[in-house]
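Structure at a glance
Each chain, letter by letter, is given below.
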Amino acid sequence: MGTHAVIHRTGGPEETASVAAELAATLRPGDCVALHGELGAGKTQFVRGLVIGLGGPERHVSSPTFVLLNVYSGGRLNLYHLDAYRVTGAEDFEAIGFPELLEQGGVVAVEWADRVTSLLPARRIDVTLETVDETSRIIRIERLGVW
Ligand SMILES: Nc1ncnc2c1ncn2[C@@H]1O[C@H](COP(=O)(O)OP(=O)(O)OP(=O)(O)O)[C@@H](O)[C@H]1O
Ligand SMILES: [Mg+2]
């Protein structure tokens, strides 16, 4: 098994989106992308890149903080975009059907994934974004579990 992390440093949101689009090309049905990083680190920019990489119509991508779930369809795979920021416990996330979403044959991307760790599949891709300065981010991509 062994873990294998890839680290990128980006100089702006477009570069972060490109890194994500590259990852999107490798995604398969049922994959889960767990996003970590503080406010403004670029989690949503990363998801925007996933949507671009999966193809389909151009879409506005924003944090689903209040609606909890956005669905981007029309690309190679559907993308289910969730945000656990306002979730108080794993039960909330369970109630909105997170476990079932993983079985829909699409890709599931979760912002603030550490708030629902107990529900995340063992086999997932952890993406951690760290703010270096206004325009620079360090992005760590690690596949966990058996691939
Ligand atoms: N290298 C970079 N990568 C990503 N975003 C960047 C970068 N440099 C600057 N930014 C800016 O940082 C902000 C990132 O916002 P984004 O909404 O993606 O963060 P977030 O992690 O989703 O925050 P939240 O926790 O509030 O949902 C955007 O305004 C973007 O333009
Ligand atoms: Mg966000």
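I will try to describe carefully the structure that is included in this document.

Scoring rules and cut-offs
- What you see as residue numbers is a count from 1 along each chain, following the sequence as written.
- Chain labels run from A onward and ligand labels from 1 onward, assigned in the order the entries are written.
- Under the rules for a predicted model, residues below a pLDDT of 70 receive no local features and side-chain atom pairs below 80 are neither given nor counted, while totals for whole chains, interfaces and linings still include all residues.
- For the side-chain quantities, the full set of heavy atoms in the structure was used; hydrogens and water were omitted.
- Any residue with a heavy atom lying within 4 Å of a molecule or strand is counted as near it.
- Here a polar contact means two N or O atoms within 3.5 Å. Within protein one must be a hydrogen donor candidate and the other an acceptor candidate, and residues neighboring in sequence count only if both atoms are side-chain atoms.
- Labels follow the DSSP assignment, with helices taken as runs of H or I lasting at least four residues and strands as runs of E lasting at least two, numbered in each case from the N terminus.
- We call Asp, Glu, Lys and Arg charged. Ala, Val, Leu, Ile, Met, Phe, Trp, Tyr, Cys and Pro are nonpolar, and the rest, Gly among them, are polar.
- Pairing between two strands requires that DSSP report at least two bridges joining them.
- Where helices are involved, their axes are fitted lines through C-alpha atoms of the stretch in contact, as for all axes, and angles between N-to-C directions lie from 0 to 180°.
- Think of it this way: a Phe, Tyr or Trp ring, Trp meaning its six-membered ring, pairs with another when their centres are within 6.5 Å, and the plane angle makes it stacked under 30 degrees, edge-to-face over 60, tilted otherwise.
- Residue burial is assigned from relative accessible area. The probe radius is 1.4 Å, only protein chains are included, and a residue is buried under 20% of its type maximum, exposed over 50%, and partly exposed in between.
- Charge-over-ring contacts are defined here by two conditions on Lys NZ or Arg CZ: a distance within 6 Å of the ring centre and an angle within 35 degrees of the ring normal.

A closer look at the site of ligand 1
Inspection of the region around ligand 1 gives 18 residues, with T16, G40, K43, T44 and S63 positioned closest. Measuring from a nitrogen atom of ligand 1, one finds a backbone N or O atom of G12 at 3.2 Å. One of the side-chain nitrogen or oxygen atoms of S63 is found 2.8 Å away from an oxygen atom of ligand 1. Looking at which element gives the most residues to the shell around ligand 1, the answer is helix α2 (residues 43-54), with three residues. The residue makeup of the shell around ligand 1, split by class, is four nonpolar, nine polar and five charged.

A look at the sheet that holds strand β3 (residues 69-72)
The sheet built from seven strands is open, its strands ordered β1-β7-β6-β2-β5-β4-β3 with mixed pairing. In this open sheet, the two strands that pair with only one neighbour each are β1 (4-10) and β3. If you compare each strand with its neighbour and ignore which way they point, the axes differ by 20° on average. Two strands pair when backbone bridges link them, and β1 and strand β7 (residues 137-144) are joined in this way by seven bridges, in the antiparallel orientation. Looking at the pairing, A5 lines up with E142 of β7.

Here's the deal with the packing of aromatic side chains
As enumerated under the stated definition, the model contains two aromatic pairs in all. The interplanar angle of 45° and the centroid separation of 4.9 Å between the aromatic rings of Y85 and W112 together place this pair among those described as tilted. Highlighted residues: Y85 in the loop between β4 (79-83) and α3 (90-95) and W112 in the loop between β5 (107-111) and β6 (124-131), separated in sequence by 27 residues. The exposure class of Y85 is partly exposed, given its relative accessible area of 27%. According to the relative accessible area criterion, W112 is buried, its value standing at 8%. On the numbers, 5.1 Å between centres and 40° between planes, the contact of F93 with F98 is tilted. The pair formed by F93 and F98 is uniform in burial state, with each residue classed as buried. A cation over a ring is seen here: R115 above W112, with NZ or CZ 4.5 Å from the ring centre.

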